[in-house]
Amino acid sequence: MNRDSLNGQEAAASTLTDASDVKAIVARFFEALALLTERRVIRGKKTFCVRYGINRWNMNYCIDNPESGIFKMSWLAYLVRDYKVSANWLLLGKGDPLPPPTGEELKRWERYKKRKAQRS
């Protein structure tokens, strides 16, 4: 093998790693949205999209096609800045995605569970 073919293989391997990294980051983004929804911090993807002017169809497309290039890094920044999602967790998968729930979040969750039980 010559030097050029080795460089080409290294570049291909780097691209594969980058693509898998992107898929993992996008998956963690959607996991964070689900956690925020579960904690009743946001109502869901639509709420997030409306708040930040994101096309919901584009976001939904990213779920199945994370490598499409539609996903924007600013979406990660919104989670970190406004919802205290861990940047280390989003980018590297290390640590906890969210800080422990605060007293107010716990109260909100208990009120939600109580209302839900009354409807059943």
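Worth saying up front: this structure is predicted, and the values here are computed from it rather than measured. (Residues numbered from 1 in each chain as written. Predicted model: local features only at pLDDT ≥ 70, side-chain atom pairs only at ≥ 80, totals over all residues. Heavy atoms only, no water.)

A. Spotlight on the packing of aromatic side chains. Counted according to the given criterion, the structure contains 9 aromatic pairs. Relative to phenylalanine 48, the ring of phenylalanine 29 has its centre 5.8 Å away and its plane inclined at 70 degrees; by these criteria the two rings are edge-to-face. Here phenylalanine 48 lies in helix H2 (residues 45-52) and phenylalanine 29 lies in helix H1 (residues 3-38), a separation of 19 residues in the sequence. Here phenylalanine 29 falls in the buried class, since its relative accessible area comes to 0%. Given the relative accessible area of 0%, phenylalanine 48 is considered buried. Three or more aromatic residues link up through ring pairs in this structure, and these residues are Phe29, Phe30, Phe48, Tyr52, Phe71, Trp75, Tyr78 and Tyr83. (Phe/Tyr/Trp six-rings, centres within 6.5 Å; stacked < 30°, edge-to-face > 60°. Helix = DSSP H or I, 4+ residues; strand = E, 2+ residues; numbered from the N terminus. Buried < 20%, exposed > 50% of the residue type's maximum accessible area, 1.4 Å probe, protein only.)

B. Summary view of the packing of H2 against helix H3 (residues 56-64). Axis separation between H2 and H3 bottoms out at 10 Å; the angle between their running directions is 130 degrees. On the basis of their axis angle, the class for H2 and H3 is oblique. Handedness of the crossing formed by H2 with H3: right-handed. Contact with H2, carried on its side by Lys45, Lys46, Phe48 and Cys49, involves Arg56, Met59, Asn60 and Ile63 of H3 and no other residues of that element. (Axes fitted to C-alpha atoms, helices over the stretch in contact; angles between N-to-C directions. Parallel < 35°, antiparallel > 145°, perpendicular 65-115°, else oblique. Left-handed = near helix turned anticlockwise from the far one by under 90°. Contact = heavy atoms within 4.5 Å.)

The analysis is restricted to geometry; functional conclusions fall outside its scope.
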